Amino acid sequence: MNLALFASGTGSNVKNIIDFFKKNETINIVLVVSNNSSAGALIHAKNNDIEQLTIDKDALNESTTICETLHEQEVELVVLAGFLLKIPEKFISNFKGKIINLHPSLLPKFGGKGMYGNNVHKAVLAAKEKKTGITIHFVNENYDEGAIIEQFETVLTNEDDLSSIVEKIKKLEKLYFPSTIERLIYKL
Ligand code: GRF
């Protein structure tokens, strides 16, 4: 079973996923896609001999070429791991029920356009939330609104600040994102 990972930034989740599936003989990461040619995610792919593809917003919106590439590679699940561009409807209908996203809050709280990375954590802090967490969900045509697959929580105290929240979220992502992908792919 083949997976493609989409990422825009440092790619710590891409690295976690690549490392997690290294010992798995049936699940292969065949492609890492980014809209940012200097994304750390592409370096992790290169270091692990995984094919890399850089796309721009127009290519994503047009979708035909990228969808063809994914079908050629027999990709069965597209994983958005810190990918910041909106996936167009054309792409979604081509990969129905086969695109998932990682969001660093307990959706439906703190989701939607502009809610990514530290923007999410700052909003969580400002709202004095007692807990936060991660959500793994299917992608539909609206930001962060697709059906939820799994959520994992972490407790917050008055001592927490931006950097401690980032650390707590990263810990949850490392612990649970790759294993949730594994469970999901066996059900597809
Ligand atoms: C992660 O916190 C993820 O939840 C969010 O964007 C961040 C990406 O981090 N969607 P990285 O690029 O995987 O390090």
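Quick note: structure is the one above.
Below is a summary of the structure that appears in this document. Here the structure is a predicted model, which means the values were calculated and not measured.

Our next topic: the packing of aromatic side chains. The final tally for this structure, using the stated rule, is five aromatic pairs. Arranged with centres 5.0 Å apart and planes meeting at 80°, the rings of Phe20 and Phe21 form a pair that is edge-to-face. Looking at Phe21, the relative accessible area reads 4%, which means it is buried. One aromatic cluster is present, built from ring pairs that chain together Phe6, Phe83, Phe91 and Phe95.

What surrounds the ligand is the set Gly9, Thr10, Gly11, Ser12, Asn13, Gly82, Leu102, Pro104, Lys170 and Glu173. The side chain of Ser12 places a nitrogen or oxygen atom 2.5 Å from an oxygen atom of the ligand. In this structure, an oxygen atom belonging to the ligand sits 2.9 Å away from a side-chain N or O atom of Asn13. In the complex, the protein chains occlude 88% of the 370 Å² of accessible area that the ligand would expose alone. Placement of the ligand is best described as lying within the largest pocket. Here the shell around the ligand is composed, by residue class, of two nonpolar, six polar and two charged.

Now for helix 1 (residues 12-21). All of the buried residues in helix 1 are Asn13, Val14, Asn16, Ile17, Ile18 and Phe21. Against the buried residues of helix 1 lie strand 1 (2-6), strand 2 (28-34), helix 2 (40-47), strand 4 (75-80), strand 5 (99-103) and helix 7 (162-187).

This paragraph deals with the sheet that holds strand 7 (residues 148-155). Read from one edge to the other, the open sheet built from seven strands follows the order 3-2-1-4-5-6-7, with strand pairing classed as mixed. Edge positions in the sheet fall to strand 3 (51-54) and strand 7, since each has one partner strand and no second. The mean inter-strand angle of the sheet, taken between neighbouring strand axes irrespective of direction, is 20°. One ladder, built from three bridges, connects strand 4 with strand 5; its direction is parallel.

This paragraph deals with unusual backbone geometry. Here the amide bond leading from Leu107 into Pro108 is cis, since omega sits at 15°, within 30 degrees of zero. You can see Pro108 is positioned in the loop between strand 5 and helix 6 (117-126). In the Ramachandran plot, Phe110 falls in the positive-phi region, its phi being about 60° despite a non-glycine side chain. Within the secondary structure layout, Phe110 lies in the loop between strand 5 and helix 6. In the Ramachandran plot, Lys128 falls in the positive-phi region, its phi being about 50° despite a non-glycine side chain. Along the chain, the position of Lys128 falls in the loop between helix 6 and strand 6 (131-138). A relative accessible area of 66% places Lys128 in the exposed class.

Calculation notes
Residues numbered from 1 in each chain as written. Predicted model: local features only at pLDDT ≥ 70, side-chain atom pairs only at ≥ 80, totals over all residues. Heavy atoms only, no water. Phe/Tyr/Trp six-rings, centres within 6.5 Å; stacked < 30°, edge-to-face > 60°. Buried < 20%, exposed > 50% of the residue type's maximum accessible area, 1.4 Å probe, protein only. Near = heavy atom within 4 Å. Polar contact = N/O pair within 3.5 Å; in protein donor to acceptor, adjacent residues only side chain to side chain. Areas by Shrake-Rupley, 256 points an atom, 1.4 Å probe, with all protein chains shown as cover. 1 Å grid on protein atoms, 1.4 Å probe; cavity = no way out; pocket = protein on both sides within 12 Å on 5 of 7 lines; lining within 4 Å. Sits in = over half its atoms within 2 Å of the grid points. Nonpolar A, V, L, I, M, F, W, Y, C, P; charged D, E, K, R; others polar. Helix = DSSP H or I, 4+ residues; strand = E, 2+ residues; numbered from the N terminus. Contact = heavy atoms within 4.5 Å. Pairing = 2+ DSSP bridges. Axes fitted to C-alpha atoms, helices over the stretch in contact; angles between N-to-C directions.

Read these as layout, nothing more, since geometry by itself doesn't imply function.
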